[in-house]
Amino acid sequence: MSDPIEPPRLGEPYLLTPGPLTTAYATKAAMLRDWGSWDGDFRAMTAEMRARLTAMLGAGGEAYDCVPMQGSGTFAVEAMLGSFVPPGGHALVLANGAYGQRAARALSYLGRRHTLLDKGDYLPPRGVEVSEILSENQDITHVVAIHCETSSGILNPLGEIAEAVARAGRRLLIDAMSSFGAVPIDPEEIRFEALVSSANKCIEGVPGFGFVLARKETLEAAAGNSHSLSLDLHAQWAYMEATGQWRFTPPTHAVAAFLEALRLHEAEGGVTGRGARYAENRDVLVPGMRALGFETLLAERWLSPIITTFFCPADPAFSFARFYEAMKARGFIIYPGKLTEVDSFRLGHIGQVDAQMMRDVVRAVREALEEMGVASAAPPESAMRERARLEA
Ligand SMILES: *Cc1c(COP(=O)(O)O)cnc(C)c1O
């Protein structure tokens, strides 16, 4: 394994966000030429990318194929839902945050029948709940699960969810946007039809496209399902298989950057190496923040290696807007919270950041609090009471 982190060369702030995120210089530099989308060189790049992504599933990946899709991650989610949930289907959406809610909204737009299990901001959907709903609703054909719900940072228990879905003979679609590449998803252990992720999350590419890893038989059976010309995964797949090309203008530079990012991912030790660095980042950041008085939204066992949500301090001297500017002045772009009930902010620990930088982040947070005159970073008591109540 090589040391993956190099010092920044361009002097821009670090992005402590869940994507776009801080990319390696080599990844940015890979974009400094132009490619013809029709040309054999670019077709070879597309083929290599698809093969590398499928290989990341391990031996069980043989049954899957990779279909890239232009646009941000949401475009690929919508493509997956519209292509694989047929017009007469019925999807159960497991939501515990903004991305689960978004999947349900996409199904509404697509006119696909769906049922929502909404666990709020704090808690994971459990296998037993899924089993219960599926046995009471025999007409549910698909289950949509969010692996890491990036709006809180919770890592949902995909194993028990997949087991419940498989036992009931239904089909699992996974939004693995912010986990794929850093948290293992092995089809020999977790049975699923398709998962979706994007270029600018744990593989550390630049934004521009998403990709779906789907069973070949699922792709074959998806002809005619999609409501949309441009988001039809079956059509994109069939055309790519036949010609090696994307159906419409591909994000050539983003693909070139992504290939470099995939090589760096492999050099770091693949999913295991990448996941270990992100976990170490969290394990330095979270205790450092707690030592300053901050509390995490989630109980220890649900913290992901991707991003962590902290409650805003109750101290009236704290202002998120001032905190943001104070952190930016110290070289770090942070991320607002996305919770419905309490004030929070998020610190991502993915991208080209390592444990040393996490120590620098904690120091910057301490300085920012001093600058604002915040005496204690402790959250409001109501937030901690609510958390305890929901965990009970
Ligand atoms: C990032 C992300 C998405 C996609 O968001 P875009 O802004 O469209 O790229 C979807 N689901 C999850 C869980 C995500 O983290």
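Coordinates for the structure precede this section.
Trainee: Can you walk me through unusual backbone geometry in this structure?
Mentor: With an omega of 0 degrees, the peptide bond running from G19 to P20 counts as cis. Relative to the assigned elements, P20 resides in the loop between β1 (14-15) and α1 (25-29). Of note in the backbone geometry, E204 takes a positive phi value of approximately 70 degrees without being a glycine. Along the chain, E204 falls in the loop between β9 (194-198) and β10 (209-215).

Trainee: Sorry if this is basic, but what is going on with the pairing of strand β3 (residues 90-95) here?
Mentor: Every other side chain in a regular strand lies on the same face of the sheet, so the side chains alternate between the two faces. Of all the six residues making up β3, six are buried; the element is thus mostly covered by neighbouring parts of the structure. By the alternation rule, side chains of β3 split into H90, L92 and L94 and A91, V93 and A95, which are all buried. As paired strands, β3 and strand β4 (residues 113-118) are joined by six bridges and run parallel to one another. Within β4, the position partnered with H90 by the bridge is R113. Following the chain from β3 across helix α4 (residues 98-110) to the adjacent parallel β4, one finds a crossover that is right-handed. Two elements, β3 and strand β5 (residues 142-146), share four bridges in a ladder whose sense is parallel. For V93, the partnering residue across the bridge sits in β5 and is V144.

Trainee: I would appreciate a short explanation of the site of the ligand in the present structure.
Mentor: Near the ligand the following residues occur: S72, G73, T74, Y99, R102, I146, C148, T150, D175, M177, S178 and K201. Here an oxygen atom of the ligand sits 3.0 Å away from a polar atom, N or O, in the main chain of G73. The contact in question runs from a nitrogen atom of the ligand to an N or O atom on the side chain of D175, over 2.7 Å. Expressed as a share of its isolated accessible area of 380 Å², the protein-covered part of the ligand is 86%. Contributing elements (two or more residues each) for the shell around the ligand: α3 (73-84) and α4.

Trainee: So what exactly am I meant to see when it comes to the pattern of salt bridges here?
Mentor: Once their charged atoms are close, side chains differing in charge can pair, the charge on each being opposite to the other. Under the counting rule described, the total for this entry stands at 24 salt bridges. The shortest N-O distance in the salt bridge between E193 and R171 comes to 3.3 Å. Of this pair, E193 sits in the loop between β8 (171-175) and β9 while R171 is found in strand β8, placing the two residues 22 residues apart along the sequence. E193 sits in the buried class, given a relative accessible area of 4%. The exposure class assigned to R171 is partly exposed, which follows from its relative accessible area of 43%. Note that E268 is salt-bridged to R274, the shortest N-O span being 2.7 Å. With respect to class, E268 is no different from R274; both count as buried. If you follow the salt bridges from partner to partner, you end up with E48, R52, E260, R263 and E266 in one network.

Trainee: So what exactly am I meant to see when it comes to the environment of L134 here?
Mentor: Locating L134 in the fold gives a position in helix α5 (residues 127-136). Residue classification places L134 among the buried residues on the basis of a relative accessible area of 0%. L134 has contacts with L92, I140, V143, A164, V165, A168 and R170, leaving out every residue within four places of it along the chain.

Trainee: It is not clear to me how the sheet that holds strand β13 (residues 335-336) should be interpreted in this structure. Could you clarify?
Mentor: Strand pairing in a sheet relies on backbone hydrogen bonds. The paired strands run either parallel or antiparallel. Read from one edge to the other, the open sheet built from three strands follows the order β11-β14-β13, with strand pairing classed as antiparallel. Strand pairing shows two members of the sheet lacking a second neighbour, β11 (307-311) and β13, which therefore form its edges. Of the pairings in the sheet, the one linking β13 to strand β14 (residues 344-348) comprises two bridges and is antiparallel in character. Its bridge partner being in β14, Y335 is matched across the sheet by R346.

The rules we used
Residues numbered from 1 in each chain as written. Predicted model: local features only at pLDDT ≥ 70, side-chain atom pairs only at ≥ 80, totals over all residues. Heavy atoms only, no water. Helix = DSSP H or I, 4+ residues; strand = E, 2+ residues; numbered from the N terminus. Buried < 20%, exposed > 50% of the residue type's maximum accessible area, 1.4 Å probe, protein only. Pairing = 2+ DSSP bridges. Right-handed = clockwise from strand over helix to strand, strands pointing away. Near = heavy atom within 4 Å. Polar contact = N/O pair within 3.5 Å; in protein donor to acceptor, adjacent residues only side chain to side chain. Areas by Shrake-Rupley, 256 points an atom, 1.4 Å probe, with all protein chains shown as cover. Salt bridge = Lys/Arg side-chain N within 4 Å of Asp/Glu carboxyl O. Contact = heavy atoms within 4.5 Å.

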